[in-house]
Amino acid sequence: FAFTTSGSLGGASSIPAAQRCTGNVGVRYYNGRHQLAFVVAPVQANCKFSVGASFRRLHGKGPVRLKVTVDYRGNGYIAPVNRVDHVTAG
């Protein structure tokens, strides 16, 4: 299975884009409590990120719930942000 996770950072418009749109995000993929993959993606100048991950197999009968978490890892100007969870059915 190959998955692509993409998104964009929001933030206070009072923070200049040069500081707001830098750094990295960490993306984790889970099947239940079992972590399947962890990848880091750079944040582009337009505040967007995109990263791919692949795994050989998802265990379960029928559709498997895949939990994806995204962490903003900070950039020296802005502190890291806690996870934002997204759940999709595969």
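Thresholds, definitions, all that
- Residues numbered from 1 in each chain as written.
- Predicted model: local features only at pLDDT ≥ 70, side-chain atom pairs only at ≥ 80, totals over all residues.
- Heavy atoms only, no water.
- Salt bridge = Lys/Arg side-chain N within 4 Å of Asp/Glu carboxyl O.
- Helix = DSSP H or I, 4+ residues; strand = E, 2+ residues; numbered from the N terminus.
- Buried < 20%, exposed > 50% of the residue type's maximum accessible area, 1.4 Å probe, protein only.
- Disulfide = S-S within 2.5 Å.
- pLDDT = per-residue confidence, 0-100.
- Phe/Tyr/Trp six-rings, centres within 6.5 Å; stacked < 30°, edge-to-face > 60°.

Visitor: Summarise the pattern of salt bridges; cite the residues concerned and give the values.
Guide: Any two side chains of opposite charge can pair, so long as their charged atoms come close to each other. As enumerated under the stated definition, the model contains one salt bridge in all. Two residues, Asp71 and Arg28, come together in a salt bridge whose shortest N-O distance is 2.9 Å. Here the residue Asp71 occupies a position in strand β5 (residues 65–72), and Arg28 occupies one in strand β2 (residues 24–31), the gap between them amounting to 43 residues. Take Asp71 and Arg28: they sit in the same class, and that class is buried.

Visitor: I'd like a rundown of the state of the cysteines, residues and numbers included.
Guide: Under the definition given, this model contains one disulfide. Each disulfide pairs two cysteine sulfurs, and for Cys21 the partner residue is Cys47, the sulfurs being separated by 1.5 Å. With Cys21 in the loop between α1 (17–20) and β2 and Cys47 in the loop between β3 (34–42) and β4 (48–54), the pair connects residues that are 26 residues apart, well separated along the chain. The pair formed by Cys21 and Cys47 is uniform in burial state, with each residue classed as buried.

Visitor: A description of the confidence of the model for the protein chain should follow, citing residues and the corresponding values.
Guide: When the pLDDT values of the protein chain are averaged, the result is 80; 81% of them are 70 or greater. Considering each helix and strand of the protein chain separately, the mean pLDDT is smallest for strand β6 (residues 81–89), with a value of 55, and largest for β4, with 92.

Visitor: Lay out the packing of aromatic side chains with the relevant residues and their values.
Guide: Inspection of every chain in the model, using the stated rule, returns one aromatic pair. Ring plane angle 35° and centroid distance 6.4 Å describe the contact between Phe3 and Tyr29, whose orientation is recorded as tilted. Of this pair, Phe3 sits in strand β1 (residues 2–8) while Tyr29 sits in strand β2, placing them 26 residues apart in sequence. For Tyr29, a relative accessible area of 1% corresponds to the buried category.

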